[in-house]
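Overview (structure and organization)
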Amino acid sequence: MQPDLWSLYRLMLYSRRFEEAVAALWHAGHISGEMHLGIGEEAIVAAVVSQLEDQDAMALDHRGTPPLLMRGVDPVRLLLEFLGHPDGLCGGHGGHMHLFSVKHLSASSGIVGASGPSAVGFALAAQHLRPGSVAVAFFGEGALNQGMLMESMNLAAAWHLPVLFVCKDNEWAITTKSATVTGGNLMNRAGSFGMKTMAVDGSDIEACWQSAWEALCQTRDNGEPVYLHASCIHLEGHFLGDQLIRTSRHPVKEMRKMTGPLMRSFAKMHGSNVRKRMGGLRHILATIQNIRTQMSIKRDPVVILRQKLHGEELQLKLLEDKIDTEIEQVLEACGLADVKVNDE
Amino acid sequence: MNKVRTLEFDEAIDDALGQAMAANPRVMVIGEDVGMIRHNLLVRFGRERIKSAPISESAFVGAGVTAAMAGLRPVVEVMIVDFIGVAMDAILNHAAKIKSFSGGKWNVPMVVRAACGGGYGDGGQHEQSLWGWLAHIPGLTVVVPSTPADAGGLMLAAIESDDPVIFLEHKLLSPSWLDFMGRGGRSTVEFDVPPTGTMGECPKKWQPLAIGKAACRREGEDLTLVSVGVGVHRCLEAAQELAKQRISASVLDLRSVVPLDKDILYEQILKTKRLIVVDEDYQGFGLSGEVAAVALESGLKFSFARVCTKQTIPFTRHLEDQVLPNTQRICAASIALMQN
């Protein structure tokens, strides 16, 4: 089987442009609370979601926008939801972290790791009511340190349930570097439940699609869980306004605010010795340095796929213009025609 | 004479925490993202005592329980109180019960610190209050400060307590939490932040504030408004409005849900004969019902109303505003009670 790169590019770029519009609206104050985007993880999401069938279920984390868009949720109703409109997907009650679509058997949660048990329950219902259907759980590597996800993997393995566990590994558990709080190897960890495990480069859509195809065949045909691990980036950090990203983008401005209290505390009487204090300071600087490497667009899956389609400039331009027009139409339908996208 | 300075609410908590850490090497901070959120304490005390945890609430809160039993004084941060759901077993079945089950021979000197409350449009998985839910469990102390001075003093008292204390810090009062969760560096959103709660005079050197002592923030004759956290400030605003209509309201800041300061509550009810509980936590089976029940048990005769959160908090600001207690709802309830 070969993926249709053009339709995947369409899914990924649409999701990217939609979320960029969401980011602009958030920055302009039209959307309240936090905003977690899936920018950077479009390839693995598109690879999996584009191969789902009608009766398959999705258990989503706090980055539910890309999978729902790619599954076919009406983008106008999705955006209206973020705006808190009564015609939004959930009547304006849930917002981006609590998205639900009965029609698409899709439920999301703002609690890290909760997609594990959700997917197991969806798979149990599938086993009884919709044989041949599967459930997908999307989560990040931070969630793999959450007990409920570990328990869910065991449950899926012990009960022989068709769950595809998809880890979108962006290396960060909120603002903590995951490697500093994780023991062992995550592939081994998932594999120890007796599941088939697969690892893939989340910036390579062809590899993602191939892995997702194999994983879905396996879980659908055999009724057994599979673990798919994709290494991704998150260009916008944990959420919009992420302090680490802000500091990285505007070091002078942000560090100016931070430095005074930080140095005063560093020099304060009564505390640990200088070596330990230096250790703390180095940790903060290393964390900020680490996030900079995450922001490199060299691993941006949308950019990489576009390079693969290079040579078909006219077709690319037509598609990209069409998507821009469609996003404008969505904004217009939501009464936001004058909002400029990409305008932070 | 203890010198006075002005601090923000969250600054006061961290300052008192820093004082306790400097005084006692057994005090340490464990929790999600504390390496970033508590960076000022990190550069003073190092990574051994400001310990970043993975997103494993059930493990690190559970570990906090026995670390405390074995001699440490952990301040365990679960980021926001909603996430305590994941760690509930450690709190419900362990922290709260060890002292009783051990015949009083072993105790759990642990503080669980969490941000709580709504008003910035994040929805009911991130904006709950839950103090009543936690207070329901025998063995837990639950404090909810409303001013910087109280927040610092209560944090010090919580650390010095030999038993588990849940310390809840409202996000609207804590500029750093509000920036982390709601504002995110943007200047395009505004929240109904009570200025009297976010910034205030604090002592240069902290003294522990006795837990379980309510504070009367305003003396009135006609009715008593009782609340905690941001609710206290909403009550004070309402009392000002009510004064224009010649209704004189007392405002009682409980400061801790457990222990509940019954004496000062009875005093106020005896004086005003009318009681309104303003509770950002859920209405059913919570603080408001408990306050009414203890007052009735004491034999007092009074009329009663409550302004609470009755449903899952929607994320949208305008819906959220209708669901959370606000000044208008408090005024309307007060006027209705006066006409009864």
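All chains use their own residue numbering, which begins from 1 and follows the written sequence. Here chains are named by letter from A upward and ligands by number from 1 upward, in the order in which they appear as written. For a predicted model such as this one, the threshold for reporting local features is a pLDDT of at least 70, and the threshold for listing and counting side-chain atom pairs is 80 or more; totals across whole chains, interfaces and linings nevertheless cover every residue. With hydrogens and water stripped out, all remaining heavy atoms of the structure feed into the side-chain values.

Here's the deal with the overall build of chain B
Quick reminder of the rule: Think of it this way: any DSSP run of H or I at least four residues long counts as a helix, any run of E at least two long counts as a strand, and we number them from the N terminus. All radius of gyration figures rest on C-alpha atoms, and the globule criterion is 2.2 Å times the number of residues raised to 0.38. Type-normalised accessible area, obtained with a 1.4 Å probe on protein chains alone, sets the label of each residue: buried when under 20%, exposed when over 50%, and partly exposed for intermediate values. Where accessible areas are quoted, they stem from the Shrake-Rupley method and a 1.4 Å probe; at the residue level, only the protein chains shown are allowed to cover.
A tally of helices and strands in chain B yields 15 helices and 14 strands. Radius of gyration (C-alpha) of chain B: 19 Å, near the 20 Å computed for a compact globule of 340 residues. Principal-axis analysis of the C-alpha atoms places the extent of chain B at approximately 60 × 55 × 45 Å. Split into buried and exposed, the 340 residues of chain B put 62% on the buried side. Total accessible area computed for chain B in this model is approximately 12600 Å², and 54% of it derives from carbon and sulfur atoms.

Topic: the interface of chain A and chain B
Quick note on the threshold: Contacts between residues were defined by any pair of non-hydrogen atoms, one from each residue, lying within 4.5 Å. Whenever a carboxyl oxygen of Asp or Glu lies within 4 Å of a side-chain nitrogen of Lys or Arg, that contact is scored as a salt bridge. A 3.5 Å cut-off defines polar contacts: any pair of N or O atoms within that distance qualifies, except that in protein one atom must be a possible hydrogen donor and the other a possible acceptor, and neighbouring residues in sequence count only when both atoms are side-chain atoms.
Of the residues lining the interface, 56 residues belong to chain A; the matching set on chain B comes to 47 residues. Across the chain A-chain B interface, the total number found is two salt bridges. Between Arg246 of chain A and Asp179 of chain B there is a salt bridge whose closest N-O contact spans 3.1 Å. The interface formed by chain A and chain B includes 29 residue pairs in polar contact (both at pLDDT 80 or more). Mapped by element, the contributors of at least two residues to the side of chain A that touches chain B are α1 (5-27), α4 (75-82), α9 (243-249), α10 (251-266) and α11 (274-294) of chain A. At eight residues, α11 of chain A tops the list of elements feeding residues into the side of chain A that touches chain B.

Here's the deal with the pattern of salt bridges
As enumerated under the stated definition, the model contains 37 salt bridges over all chains in all. In this structure, Glu42 of chain A engages Arg16 of chain A in a salt bridge whose closest nitrogen and oxygen atoms are separated by 2.7 Å. Of this pair, Glu42 of chain A sits in helix α2 (residues 42-49) while Arg16 of chain A is found in helix α1, placing the two residues 26 residues apart along the sequence. Glu42 of chain A gets classed as buried once you look at its relative accessible area, which sits at 0%. Classification of Arg16 of chain A as buried rests on a relative accessible area of 6%. With a shortest N-O distance of 3.5 Å, Asp192 of chain B and Arg234 of chain B are connected by a salt bridge.

Quick notes on the packing of aromatic side chains
Under the convention used in this document: Only centres within 6.5 Å qualify two rings of Phe, Tyr or Trp (six-membered ring in Trp) as a pair; their planes then separate them into stacked at under 30 degrees, edge-to-face at over 60, and tilted for everything else.
Under the counting rule described, the total for this entry stands at four aromatic pairs over all chains. On the numbers, 5.2 Å between centres and 75° between planes, the contact of Phe239 of chain A with Phe180 of chain B is edge-to-face. Highlighted residues: Phe239 of chain A in the loop between β9 (226-231) and α9 and Phe180 of chain B in helix α9 (residues 175-183), drawn from two different chains. The same class applies to Phe239 of chain A and to Phe180 of chain B, which are both buried. For the ring pair Trp177 of chain B and Phe180 of chain B, a centre distance of 5.7 Å and an interplane angle of 90° mean the geometry is edge-to-face.

Considerations on the nonpolar core
Put simply, the test is: Here, nonpolar core refers to any group of buried Ala, Val, Leu, Ile, Met, Phe, Trp, Tyr and Cys residues whose side-chain atoms link them within 4.5 Å.
The biggest cluster of nonpolar side chains holds 84 residues, and the ones touching the most others in it are Phe139, Leu144, Met153, Phe165 and Tyr227 of chain A together with Leu17 and Met155 of chain B. In terms of residue count, the dominant contributor to this core is helix α1 (residues 9-23) of chain B (seven residues). Excluding anything up to four places from it in sequence, Leu17 of chain B contacts Val27, Val29, Leu41, Val75, Arg113, Met155 and Ile159 of chain B.

A short note on the sheet that holds strand β14 (residues 303-309) of chain B
Residues and elements named next belong to chain B. Test applied: Following DSSP output, two strands are said to pair if at least two bridges run between them. Helix axes use the C-alpha atoms of the stretch in contact, all axes being lines fitted to C-alpha atoms, and the angles between their N-to-C directions lie in the range 0 to 180 degrees.
One open sheet holds the five strands; their spatial order is β9-β11-β10-β13-β14, and the pairing between them is mixed. Two strands bound the open sheet, and with one partner strand each, they are β9 (215-218) and β14. When strand polarity is set aside, the average angle formed by the axes of neighbouring strands in this sheet is 25°. In terms of strand pairing, strand β10 (residues 223-227) meets strand β13 (residues 274-282) through three bridges, oriented parallel. The residue bridging Val226 from the neighbouring strand is Val277, located in β13. The strands touched by helix α12 (residues 262-272) within the sheet are β9, β10, β11 (249-253) and β13, with β11 carrying the most contacts at an inclination of about 170°.

Overview of helix α12 (residues 301-308) of chain A
Residue and element names in this part refer to chain A. This is how the line gets drawn: As used here, the arc is the angular range of directions from the helix axis to the C-beta atoms.
Regarding α12, the residues found buried are Pro301, Val302, Ile304 and Leu305. Seen from one end, α12 has its buried residues packed into an arc of 160°, which puts them on one side. In this fold, the buried residues of α12 make contact with α1, α2 and α8 (205-222). The N-terminus of α12 is capped by Asp300, whose side-chain oxygen sits 2.9 Å from the backbone nitrogen of Val302.

Digging into the sheet that holds strand β3 (residues 106-108) of chain A
Residue and element names in this part refer to chain A. The mixed open sheet is built from seven strands, whose spatial order is β2-β3-β1-β4-β5-β9-β8. Since the sheet does not close on itself, it has two edges, and those belong to β2 (100-101) and β8 (196-201), each with one partner. Pairing between strand β1 (residues 57-60) and strand β4 (residues 135-140): three bridges, direction parallel. The residue of β4 that forms the bridge with Ala57 is Ala135. This element, α2, spans β1, β4, β5 (163-169), β8 and β9 of the sheet and lies at about 165° to β5. Sitting on the sheet, α8 is in contact with β5, β8 and β9, with an inclination near 165° to β8.

Observations concerning the domain arrangement of chain A
One frequent convention defines the size of an interface as the accessible area lost when the parts assemble. All names here are of chain A. Which entries qualify depends on this criterion: Segmentation of the chain into domains, including their bounds, is taken from an automatic or database domain assignment. Once two parts are joined, some of their accessible surface, as seen by a 1.4 Å probe, is lost; buried area is that loss totalled over both. Residues were grouped as follows: Ala, Val, Leu, Ile, Met, Phe, Trp, Tyr, Cys and Pro as nonpolar; Asp, Glu, Lys and Arg as charged; and all remaining residues, including Gly, as polar.
Segmentation of chain A into domains returns domain 1 (5-235 + 300-333) and domain 2 (243-296). Its C-alpha centre places domain 1 at a distance of 33 Å from the equivalent point of domain 2. Listed by partner, the interface residues are nine residues for domain 1 and nine residues for domain 2. When domain 1 packs against domain 2, close to 740 Å² is buried across both sides, 54% of that on carbon and sulfur atoms. When residues of domain 1 are sorted by the area they lose upon contact with domain 2, Trp172, Thr175 and Leu235 head the list and together hold 59% of the total. One can count zero salt bridges joining domain 1 with domain 2. Run the count over domain 1 and domain 2 and you get one residue pair in polar contact (both at pLDDT 80 or more). A class-by-class count of the residues in the side of domain 1 that touches domain 2 yields four nonpolar, three polar and two charged.

Here's the deal with the packing of α1 of chain A against helix α13 (residues 313-333) of chain A
Residues and elements named next belong to chain A. Stated formally: Put simply, angles under 35 degrees are roughly parallel, angles over 145 are roughly antiparallel, angles from 65 to 115 are roughly perpendicular, and the rest are oblique. Left-handed describes a crossing in which the near helix is turned anticlockwise from the far one by less than a right angle; the clockwise case is right-handed.
Close contact between α1 and α13 brings their axes to 10 Å; oriented N to C, the two are set at 40°. One finds that α1 runs oblique with respect to α13. The way α1 lies across α13 gives a crossing that is right-handed. Between α1, through Trp6, Tyr9, Arg10, Leu13, Tyr14, Arg17, Phe18, Ala21 and Leu25, and α13, the contact on the second element is made entirely by Gln315, Leu316, Leu319, Glu320, Lys322, Ile323, Asp324, Glu326, Ile327, Val330 and Leu331. Partitioned by chemical class, the residues of the contact of α1 with α13 number 13 nonpolar, one polar and six charged.

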